[in-house]
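# Breakdown of the fold
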Amino acid sequence: RQGGNLGNMENYMKKLAALSVILIFLLFILVKTGLSKENIELVSPFLPQEKVLGISQWFPQSTNGVWKDAPQISAESALFIDTRTGQVLFSKNPNKRLPIASLVKVMTVLIALEHKSMDAEFTVSKKAADIEPDKMLLIAGEKLTLKELLSGIFLVSANDAAEVLAEGTTGNREEFVKLMNRKVQQLGVKDTHFVNPTGLDEDSNNSYSTVYDLAVLTRYLIKHFPHVVDISSTEHIYLPQTSTHQD
């Protein structure tokens with residue numbers, strides 16, 4: 001009987017050893033698979049001390065609109081949602097990629113706010129000052145705070161102010177645009193691409209997005225930087241002349 005018990009114990013130990021080998025092998029596979037996936041990080045080589053890591057993001061629920069007897073609209077695409085619950089009340093081609101013009105500035109503002117304080121100063125370059133058509137009439141060499149530039153962007157859709165942010169946030173405009181597109185990846189939206197900070201058409205390539213993606217981006221901006229609502233809802237603002245800029 002003792003010999004039987006020893007035999008059973010030996011068989012048990014063999015099975016346990018085999019199971020341990022299988023578990024170790026599976027653990028190795030899982031770790032290797034996890035490490036092979038690219039971690040999306042918003043990191044600018046021009047800002048080595050600053051990182052904006054991956055985030056948990058809010059998304060609207062099903063985009064199959066449920067608003068009965070909804071009015072017919074001529075717009076190519078539309079999305080009406082309850083931003084508190086994510087419930088989609090009405091949708092029309094919510095994932096259709098379309099040019100978005102100055103709505104590009106939603107991301108321009110977001111990247112600037114994530115890396116600079118509201119009182120950070122930006123110097124206007126000649127290139128930025130010459131940007132047309134919508135502008136706040138900036139002059140090369142003058143200095144304005146981020147908050148002042150945001151007023152120009154939200155009140156008059158100032159392209160010159162957007163260019164100043166793109167040049168001054170990282171010190172390199174091209175790097176800034178890369179950060180805009182990395183943020184798109186980080187937020188988990190899939191139908192958006194930016195080619196500049198203004199939304200102006202380029203010769204061969206233009207920015208695009210969808211109403212679905214814009215809902216996600218805009219809500220993220222407002223949630224993390226709610227003071228932009230106060231700026232954007234201001235009817236007009238007067239910037240008095242200072243030692244660094246015109247009135």
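The structure under discussion appears in the preceding block.
Everything in this summary refers to the structure shown in the same document. Values in this document were obtained by computation on a predicted structure and should not be read as measured data. Per chain, the residues get numbers from 1 upward, laid out in the order the sequence is written. Local features in a predicted model are, by the rule used here, given only for residues with pLDDT of at least 70; side-chain atom pairs are given and counted only at 80 or more, and totals for whole chains, interfaces and linings are based on all residues. With hydrogens and water set aside, each side-chain value is computed from the structure's full complement of heavy atoms.

### Here we look at the overall build of the protein chain
Applicable threshold: Helix numbers and strand numbers start at the N terminus; a helix is a DSSP run of H or I with at least 4 residues, a strand a run of E with at least 2. When accessible area is computed with a 1.4 Å probe and restricted to protein chains, residues below 20% of their type maximum are described as buried, those above 50% as exposed, and intermediate ones as partly exposed. Contacts between residues were defined by any pair of non-hydrogen atoms, one from each residue, lying within 4.5 Å. Per-residue accessibility takes into account occlusion by the displayed protein chains alone, with areas from the Shrake-Rupley method and a 1.4 Å probe.
The helix and strand tally for the protein chain stands at eight helices and six strands. Taken across its 247 residues, the protein chain has 40% of its residues classed as buried. A separation threshold of at least 6 residues defines the contact pool for the protein chain, and within that pool the share at least 24 residues apart is 63%. For the protein chain, the exposed surface amounts to about 14900 Å²; the carbon and sulfur share of it is 56%.

### Observations concerning the pairing of strand β4 (residues 88-92)
As a reminder, the rule being used: A pair of strands is treated as paired once DSSP finds two or more bridges between them.
Pairing analysis gives four bridges linking strand β3 (residues 78-81) to β4, with the strands arranged antiparallel. Bridge pairing links I81 to V88 in β4. Between β3 and β4, which follow one another and run antiparallel, lie six residues, and G86 among them has a positive phi close to 85 degrees.

### Things to note about helix α2 (residues 105-115)
Counting buried positions along α2 yields 11 of 11 residues, so the element is predominantly enclosed. All of the buried residues in α2 are K105, V106, M107, T108, V109, L110, I111, A112, L113, E114 and H115.

### Some thoughts on the pattern of salt bridges
Between side chains of opposite charge, pairing is possible as soon as their charged atoms come close. Test applied: Think of a salt bridge as a Lys or Arg side-chain nitrogen and an Asp or Glu carboxyl oxygen that are within 4 Å of each other.
Tallied over the entire structure, the rule returns six salt bridges. Among the salt bridges present, the one from E114 reaches K183, with a minimum N-O distance of 2.8 Å. You can see E114 sitting in helix α2 and its partner K183 sitting in helix α6 (residues 173-187), a full 69 residues away along the chain. Residue classification places E114 among the buried residues on the basis of a relative accessible area of 18%. Its salt-bridge partner being E163, residue R173 comes within 2.8 Å of it at the nearest N-O pair. Of the two residues, R173 is situated in helix α6 and E163 in helix α5 (residues 159-170); the sequence distance between them amounts to 10 residues. Both residues of the pair, R173 and E163, count as buried.

### Notes on the side chain of N181
Structurally, N181 can be placed in helix α6. Other than its neighbours up to four places away in sequence, N181 contacts H193 and F194.

### Quick notes on the packing of α2 against α6
Axes are the key here: two packed helices are described by the angle between their axes and the distance separating the axes. As a reminder, the rule being used: Every axis corresponds to a line fitted to the C-alpha atoms, with the helix fit spanning only the stretch in contact, and the corresponding angles, defined between N-to-C directions, vary from 0 to 180 degrees. An angle below 35 degrees is treated as roughly parallel, one above 145 as roughly antiparallel, one from 65 to 115 as roughly perpendicular, and anything else as oblique. For this scheme, ten residues count as nonpolar: Ala, Val, Leu, Ile, Met, Phe, Trp, Tyr, Cys and Pro. Four count as charged, namely Asp, Glu, Lys and Arg, and the remainder, Gly too, count as polar.
The contact between α2 and α6 brings their axes to 10 Å, and the two run at 100 degrees. Regarding the angle of α2 to α6, the classification is roughly perpendicular. Residues M107, T108, L110, I111, A112, E114 and H115 of α2 pack against F176, L179, M180, K183 and V184 of α6. Here the contact of α2 with α6 is composed, by residue class, of eight nonpolar, two polar and two charged.

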